[in-house]
Structures are given as C-alpha cells and as structure tokens.
Amino acid sequence: MSRITESFNNLKSQGRKALIPYVTAGDPEPKVTVPLMHALVESGADIIELGVPFSDPMADGPVIQLACERALLHGTRLIDVLDMVAEFRQTNQTTPVVLMGYLNPIEVMGYAAFADKAKAVGLDGVLTVDLPPEEAHEFNRLMKASDIDVIYLLAPTTEPARVEKICAAGSGYVYYVSVKGVTGSASLDVAEVAEKLNIIRQHTDMPVGVGFGIRDDASARAISEVADGVIVGSVLVNKVAELAGNQALIPEAVAAITASMRQAMDK
Amino acid sequence: MPTKEDLAIAKQMPDAGGHFGQFGGRYVSETLMAALQQLEQTYEKLWRDPQFQAEFDRDLAHYVGRPSPLYHAERLSRELGGAQIYLKREDLNHTGAHKVNNTIGQALLAKFTGKPRVSAETGAGQHGVASATVAARLGLECTVYMGEEDIRRQALNVYRMKLLGAEVVSVKSGTRTLKDAMNEAMRDWVTNVDNTFYIIGTAAGPHPYPKLVRDFQSIIGREARQQCLTQTGKLPDVLIACVGGGSNAIGLFHPFIEDADVRMVGVEAGGYGIETGQHAAPLSAGSRPGVLHGNRTSLMSDEGGQVIGTHSVSAGLDYPGVGPEHAYLKEIGRAEYTAINDDEALHAFRHLTLTEGIMPALESSHAVAEAMKMAPTMDKDQIIVVNLSGRGDKDIHTVAEIDGINF
Ligand SMILES: Cc1ncc(COP(=O)(O)O)c(C=O)c1O
C-alpha cells in the first residue's frame, strides 16, 4: 500500500480529514523549504504538496507565479526539489510528499529518469497540471512501475463520464479544483462543491481532496466536512512572500496558519 | 526524403488526438478539457457545413478583400539576378496581415457557440487588432493580452485595438512578451470558460487549435497555388514564409504538402544570431521537444526545463516555441527551417520598400531576407513564392527608433 493510501486509511479510522498544505519549493530560497516542510508536519499536515517552480505557471494566479519567480531566481530545478524530498526523508519516513507542477521540467529530465530518481528519494506522488490522462499513458506506466501515485485534477467542468476515466488512470487521491479559475482566485461555494463530490464518489472509491479557494479556518472546516482532504496553498505562499526578507520566521509563521486550520477541522 | 505515402499521411495530420507524429496533442489543465472537446466537436461539424463555408468565403471576399494578389516583384528579382520572386500579398488584407483570415473563422465559431466574449493574446498586435476587429463587427466583448514590452514597441496597434473597443491588458510577468501574454490569456480562459471564446492567434496551443488555425489560413496556399499556375503555368520551386507560431507559414505550405517538388522553407527569428542564444528560432537551433501552451513541440527550454527568454526585433516572431505541425514537417523532412537575424530583416525591410514600394512587416521581412539570399543561387526561370504576411506600418516606430528618430 502506498504511503498516501495508508495515510488516508489511518485518518479515516480516526474520523479525521487530511490537511494538505502546498508550498513552492525553493521559495524564497532553497534552504527554507525542508525546515518548512517539517514545521508543516508538526502543525498537523498529513500530506505535503511541494510545488516545482516553472517559468510559465499557466494555471496559477499571481501569488504562486511570484513564488515561482523567487524560487527560479535561486535556480531551483526539478532535480533540486527531488533532493529536498530526500533531505526531508532523512528524518521523516511517514508523511507522504507529492510534487505538483508542470510537465516540461519532467519532459526534459525524461520520464524514466524522473521515475527512478523519484523512487530513490522517497517521493510518493506527482501531480502534473498540464498532463491529462489522454497524454499520460507512458508517464503512468513508468510512475506505476516506480510505485509513485499519479494524482489527477477534476474540475467543475469535468463531465461525469470523464470523472470515471480520470479516476481509473490515477491513484492515491484525486484533486477536485473547486473553482473555475487559477490558484488563489475566487472563494468557493461549499454547497456546489458538496454536490459535485457526490457525483465524483459515484465513480471512485479514492479519497477526494479539494483545493483552490480555501483561505481560512472557516473554509478549511467547511470543506473538511464534505471532502477527504483539504488542500491549501496561496494563503501559505502569501505568508512566505511577506516574510521573504526575514526567512528565519517563515516555518513558524506558515505553520501557525496550518495549525489553526487543523484545529478548526478537528473540532 | 519522405515518400509519396509519407506525404499523403502528412497531409491528413493531425490524428484524432491532435497529434502530428510525436508533436501536438492537448496538454492543458482539466478545467479546459471540456471546452476544448466542445470546440473540437463544433469545429468538425461546422467546417464540413456548406452554410458555414459559404459564410466564411463571403467574409473573406467582401470583408477581408480576398483573394489577395500574387505579385511578381520584377525589379527585386531582376536586381538579384536569379529566381523570380512572387509576393503573396497578405499585407493587403483588411487590418494589414494574414491574421484576419483566422479571426474571421474563429469569430464565426464564437458566433455559432453563442459566447458573448472573446479573448486573445498578441505579440505584434496584428492578431489583437484582427480579433478586436471581428469582435467589433459581431458586437462581442473583447479582451486582448499583450506583453508590456510589446505594448511599448507596437504602440500604434495598441491604440488601434482600443479604438476598436477592445480592452488591452498589459502583461507584466515573465519576459513580458508573447509567451507571457499567452499564459495570461489561458488564465483568463480558465476563469471565464463559460462565456468566453479564446481566439488563439497562431497555429499552436492545444488541439484543435493548431488544426483549425491551419485550416482557416490554408486559403493563402490554395490561392497562391492556383495563382502561380495561372500566371506562370507551373508550381513554384520554393515557398518561403516567416515562422513565429507558424500560422502564415502553415497556411501557405499545407496545400502544397503533396507537391513533393515544391520546397518549403520556414524562416525563424535569428535575433542577434543563433550562436548568441538570443533568438527565437527553436527549429533552426535544434531545440528539444518540450511542452508549453497546450502542445508538445520544439521548445527553447534549459536543462531544467524552464522556458528560455527569446529575442527578436519583431514582436510577432518573439516566441520560444513553434506550432507542432512545423516540428513534424521538419522531423519527416518535408519542410526546412532556417533563421534570419535582426539586421538582415531590417535590411530586407528597407530594401523591399525601396525596390518595390512595398513596406513589409518586420516579421515578413525575415521571409523577404531569406528570398533575397536564395534567389541569386537559383535559375532565372525558377520561382520563389514569399508570403508577405503583413504590412510594415506598425513597425515604422521601431525602425525610426533604430534610425535615432523620435516622433
Ligand atoms: C505580419 C505578421 N507575420 C507573421 C507573424 C507571425 O505569426 P505566425 O508565425 O503565426 O504567422 C505575425 C505575428 O504577429 C505577424 O503580425
């Protein structure tokens, strides 16, 4: 069983939901990321989504665009992000880590080389925003062979028939994008999300994480009532940006946000 | 050399998934998948619909002013002393470039799908102007994304778009050019997918865009083929077109794909020179395959997969990728790609203006420059057709600046 599946199973038996923070690797500097990951785990994160910086983050709003720019300023490449996962694994063997990003860095590294390295560093999953299952046959095969879960997005615009196809291609969990828009955009409508999750659950037994538009304790709690996982990104990345000039404070300050969400979710 | 069978296959590309061999496809975030599937269905239905075809043809004739002439540049040809150069005068189209062929087609699709708003990205501003133009005509709301750097160097077109009622959004991220405008246009589309038709400006992007843009632009090659036969009694020996994303080039090339004796030469922007790394010529530089803006193609990206900043004097060619069909035509050996540097393009701009009284766009000047290189190496009875994709009015500011003249 993959570390991701195990994590969701454990949570389920405790009657809790997964808190899944997203941070961009290397933002604002590479040395911040691993301590930040540990701090997130201590604050109650169950799975960590680590963003791979990309020059053209087409699905992201300004907050994560700027995070990518900061990270790239210090030359954080995919290979460096994988090294960060290895460093994180030296002291944490239980918390799943998922890379989230765009295809081109993986394309250039080569699917096979990426799969090998990902397995070697102890990565658990990969979510490639611009790689729909239709284009992912070879990618899926190689990831599966390396025991890496491939996580796919579902959108408000995804037709029910397609939900089934996407869920069949993926593993670990599926990521429901709660709003039409880029990361960090409009706030979500919980009732609408709940309705969509009902449809999704008719097509899969996999856990469903919900992201985009979760910005505070209240929205985290509301989503935790309907989803299996709560994915939160831009508010955390915003805090990183605020403290870019005072990096020592970043892990604690960001973890304070997730700790508070954790509490709200567990109430 | 590709065989007759290879060419027959090439002519039928893309496959059902939008692939041209290993290139093309549909690499987008899930939110856009439904819209692209819908667009594909709408397009496949309408493109075969005689009524749609009739409306498209009527607009091209009476609104755009087609057919555009195929003009024998006799003085230029005589001076160069070799092949006869013919110019396909897309510069004479309404709005001044080939871009309008495509926006007319996509606006018709928008009309049939009932979307009240269109969006577009633009580099040189020609596609933005052509989009704003069709939007004005159909009473659609129009937003155009343009890099801050391009807004500066194509100020005239920015004002034209505003006069046409479009909102021009300045894109300040990344390299502040066409690539970043395209990112922003995709973000807009993800956000407004329910009410917006995204009018892509070149034969790139996710399937079905490369195909439908090619089909709309293929009027260029169909006309040129017939005009050349009528005027000279034979097919051209060489076709030359500049390649940004590749829409004017594929429009000229596609109807000739199975004419194996007709050479096709795509001209990319060599910028300061391929060897300097400061260019926008992925095919000429041999860039590896990559994925950007929804398709797999030859892409300028570094060892880590980050897209590299480009340079060209011409905003419309200043793009790190290329339409997937060109990457494919290069791979199978059907088309050749080469690069022309900024200074060569500027020279051609002046030279065509002085010898023929035709002022080409800086983009098109790249194709003219290549023809000027090639013609003297050919026989006098050979024929080169150059796609004069647009007129140079929009670039007078840039050229004047280089001359140290400030208006
Ligand atoms: C006159 C002209 N020619 C060529 C191009 C390049 O585009 P494409 O390669 O799609 O023809 C542009 C783009 O702005 C243009 O304005």
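*Asks:* I'd love a proper account of the interface of chain A and chain B, names of residues and values included.
*Replies:* Counting residues at the interface gives 34 residues for chain A, matched by 39 residues for chain B. Here chain A meets chain B over a buried area of about 2,800 Å², counting both sides, of which 51% is carbon and sulfur. Among the residues of chain A in contact with chain B, A:Asp56, A:Met58 and A:Glu135 are the three that bury the most area, contributing 22% of the side total. At the junction of chain A and chain B, the tally comes to four salt bridges. A:Lys180 is paired through a salt bridge with B:Asp194; the nearest N and O atoms lie 2.6 Å apart. For the pair chain A and chain B, the number of links is 18 residue pairs in polar contact (both at pLDDT 80 or more). No other element matches the five residues that helix H5 (residues 103-109) of chain A contributes to the side of chain A that touches chain B. Each residue belonging to the side of chain A that touches chain B can be placed in one class, and the counts come to 17 nonpolar, seven polar and ten charged.

*Asks:* Can you tell me about helix H14 (residues 342-356) of chain B, naming the residues and giving the values?
*Replies:* Residues and elements named next belong to chain B. Relative to the 21 Å expected for 15 residues at 1.5 Å per residue, H14 spans 21 Å between its end C-alpha atoms, a close match to the ideal helical length. Looking at H14, one finds that the buried residues are Asp-342, Ala-345, Leu-346, Ala-348, Phe-349, His-351, Leu-352, Thr-355 and Glu-356. At the exit of H14 stands Gly-357, carrying a positive phi of roughly 70 degrees.

*Asks:* Can you explain the layout of surface pockets? Please cite residues and give values.
*Replies:* Approximately 400 Å³ is the volume attributed to the largest pocket. Lining the largest pocket are 36 residues, with A:Ile64, A:Thr183, A:Gly184, A:Phe212 and A:Ser234 sitting closest to its centre. Looking at the lining of the largest pocket, the elements that each hand over two or more residues are helix H3 (62-73), strand S3 (97-101), strand S6 (152-154), strand S7 (174-177), strand S9 (229-232) and helix H11 (234-242) of chain A together with helix H2 (30-47) of chain B. The element contributing the most residues to the lining of the largest pocket is H11(A), with three residues.

*Asks:* So what about the sheet that holds strand S5 (residues 117-122) of chain B? Which residues, and what values?
*Replies:* All names here are of chain B. Overall, parallel pairing links the four strands, which are arranged S7-S6-S5-S8 in an open sheet. For this open sheet the edge positions go to strand S7 (167-171) and strand S8 (196-198), each flanked by a neighbour on one side alone. Geometrically, the sheet is characterised by an average inter-axis angle of 25 degrees between neighbouring strands, direction not taken into account. Looking at chain direction, S5 and S8 are connected through three bridges and run parallel. Each residue of the ladder has a partner; that of Ser-119, found in S8, is Tyr-198.

The rules behind these values
- Throughout, a residue's number is its position along its own chain's written sequence, starting from 1.
- A letter from A marks each chain and a number from 1 marks each ligand, given out in the order of writing.
- Given that the model is predicted, a residue must reach a pLDDT of at least 70 before its local features are reported, and side-chain atom pairs must reach 80 or more before they are shown or counted; all residues, however, enter totals for whole chains, interfaces and linings.
- For the side-chain quantities, the full set of heavy atoms in the structure was used; hydrogens and water were omitted.
- The contact criterion used is simple: two residues touch if any of their non-hydrogen atoms lie within 4.5 Å.
- Defined in terms of a 1.4 Å probe, buried area is the accessible area two parts forfeit on being brought together, summed over both.
- One side-chain nitrogen of Lys or Arg within 4 Å of one carboxyl oxygen of Asp or Glu is enough to make a salt bridge.
- Any pair of nitrogen or oxygen atoms within 3.5 Å is treated as a polar contact; in protein, a donor-acceptor pairing is required on top of that, and neighbouring residues in sequence qualify only through side-chain atoms on both sides.
- In DSSP terms, a helix is any run of H or I states spanning at least four residues, a strand is any run of E spanning at least two, and both are numbered starting from the N terminus.
- Side-chain classes follow a simple rule in which Ala, Val, Leu, Ile, Met, Phe, Trp, Tyr, Cys and Pro form the nonpolar group, Asp, Glu, Lys and Arg form the charged group, and the remainder, Gly included, forms the polar group.
- Expected helix span is computed as 1.5 Å times (number of residues minus one).
- Only protein chains enter the accessibility calculation, which uses a 1.4 Å probe; a residue is then buried when its area is under 20% of its type maximum, exposed when over 50%, and partly exposed in between.
- The distinction between a cavity and a pocket rests on a 1 Å grid over the protein atoms alone: a 1.4 Å probe fits inside a cavity but cannot get out, while a pocket stays open yet meets protein on both sides within 12 Å along at least five of seven lines, and a residue with an atom within 4 Å of a point counts as lining.
- Grid points are joined across faces, edges and corners, and a volume is the space filled by probe spheres set on the points.
- Think of it this way: DSSP has to see at least two bridges between two strands before they count as a pair.
- Lines are fitted to the C-alpha atoms to define the axes, a helix being fitted only along its stretch in contact, and any angle between axes, read from their N-to-C directions, falls within 0 to 180 degrees.

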